[in-house]
Amino acid sequence: MEVKLKYELEFPIHASPSLLYQYISTPSGLSEWFADNVNSRGELFTFIWDDSEEKAKLIAKRTGERVKFRWLDEDGGETEYFFEIKIMEDEITKDVSLVVVDFSEEDEMEESKLLWENQVSDLKHVLGSV
């Protein structure tokens, strides 16, 4: 298996951090923009897109600030890869940004970044932040 590279993206977004947090931390919120459907049992989340299904464990969260999920392999074991979504608010301007940390294989990096751009664009539509 090819080693994946870590990358970080930042998206300015016009929404309150508390509202944004609902969309990044709950199955119903994530279903609105991140995946076709999201189910959870405690810390275990199942993300469903078309015909594929991926499982991840919620390994960190701070209310109003961030969530971090670690991907699981087919046997339910934790992988070394995760994705994290952080809400950043500038103390002076009060501008809000969504910061995404994820991993991708080198030859799929541009495609992965584009996918996040599309998903965050969907989130902005849901929020009325376009």
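Everything numeric here is computed off the predicted structure, so don't read it as measured data. (Residues numbered from 1 in each chain as written. Predicted model: local features only at pLDDT ≥ 70, side-chain atom pairs only at ≥ 80, totals over all residues. Heavy atoms only, no water.)

Take the environment of Phe103 next. With respect to the helices and strands, the residue Phe103 is situated in strand E7 (residues 96–105). C-alpha of Phe103 to C-alpha of Asn39: the two residues are 64 residues apart in sequence and 22 Å apart in space. Filtering out sequence-adjacent residues up to four positions away, Phe103 remains in contact with Lys4, Leu5, Lys6, Tyr7, Tyr81 and Phe82. (Helix = DSSP H or I, 4+ residues; strand = E, 2+ residues; numbered from the N terminus. Contact = heavy atoms within 4.5 Å.)

Attention now goes to the nonpolar core. Ranked by internal contacts, the top residues of the largest apolar core, which has 36 residues, are Leu20, Trp33, Phe47, Phe69, Leu98 and Trp116. Every element with two or more residues in this core is listed here: strand E1 (4–12), helix H1 (17–25), strand E3 (44–49), strand E4 (52–62), strand E5 (66–72), strand E6 (78–89), E7 and helix H3 (109–127). Aside from chain neighbours lying at most four places away, what touches Leu98 is Leu9, Glu10, Phe11, Ile13, Leu20, Ile24, Ile85, Lys86, Ile87, Val120 and Leu123. (Core = buried A, V, L, I, M, F, W, Y, C linked by side-chain atoms within 4.5 Å. Buried < 20%, exposed > 50% of the residue type's maximum accessible area, 1.4 Å probe, protein only.)

Looking now at the side chain of Ser97. Mapped onto the elements of the fold, Ser97 is located in strand E7. Taking the relative accessible area as the measure of exposure, Ser97 reaches 11% and is therefore buried. Polar side-chain contacts of Ser97 include one of 3.2 Å to the side chain of Glu10. Each residue touching Ser97, except ones within four places of it in the same chain, is listed here: Glu10, Phe11, Pro12, Ile13, Lys86, Ile87 and Met88. (Polar contact = N/O pair within 3.5 Å; in protein donor to acceptor, adjacent residues only side chain to side chain.)

Taken as a whole, the largest pocket spans an internal volume of roughly 800 Å³. Along the wall of the largest pocket there are 25 residues; nearest its centre are Lys4, Glu54, Trp71, Asp102 and Phe103. Taken together, the elements giving at least two residues each to the lining of the largest pocket come down to E1, E4, E5, E6, E7 and H3. Ranked by the residues each element gives to the lining of the largest pocket, the list is headed by H3, at 5 residues. For the lining of the largest pocket, the residue count by class is 11 nonpolar, 4 polar and 10 charged. (1 Å grid on protein atoms, 1.4 Å probe; cavity = no way out; pocket = protein on both sides within 12 Å on 5 of 7 lines; lining within 4 Å. Points joined across faces, edges and corners; volume = space filled by probe spheres on them. Nonpolar A, V, L, I, M, F, W, Y, C, P; charged D, E, K, R; others polar.)

The next subject is H3. Look at H3: 27 Å from first C-alpha to last across 19 residues, which is about the 27 Å you get at 1.5 Å a residue. For H3, the full list of buried residues reads Met109, Ser112, Trp116, Gln119, Val120, Leu123 and Leu127. Projected down its long axis, H3 shows its buried positions confined to an angular sector of 95°, all on one face. With respect to the buried face of H3, the exposed residues turned more than 90 degrees away are Glu110, Glu111 and His125. Taken together, the buried residues of H3 touch E1, H1, E3, E6 and E7. A positive phi of about 70° marks Gly128, the residue just after H3. (Expected span 1.5 Å × (residues − 1). Arc of directions from axis to C-beta.)

All quantities given are derived from atomic positions and should not be read as evidence of function.
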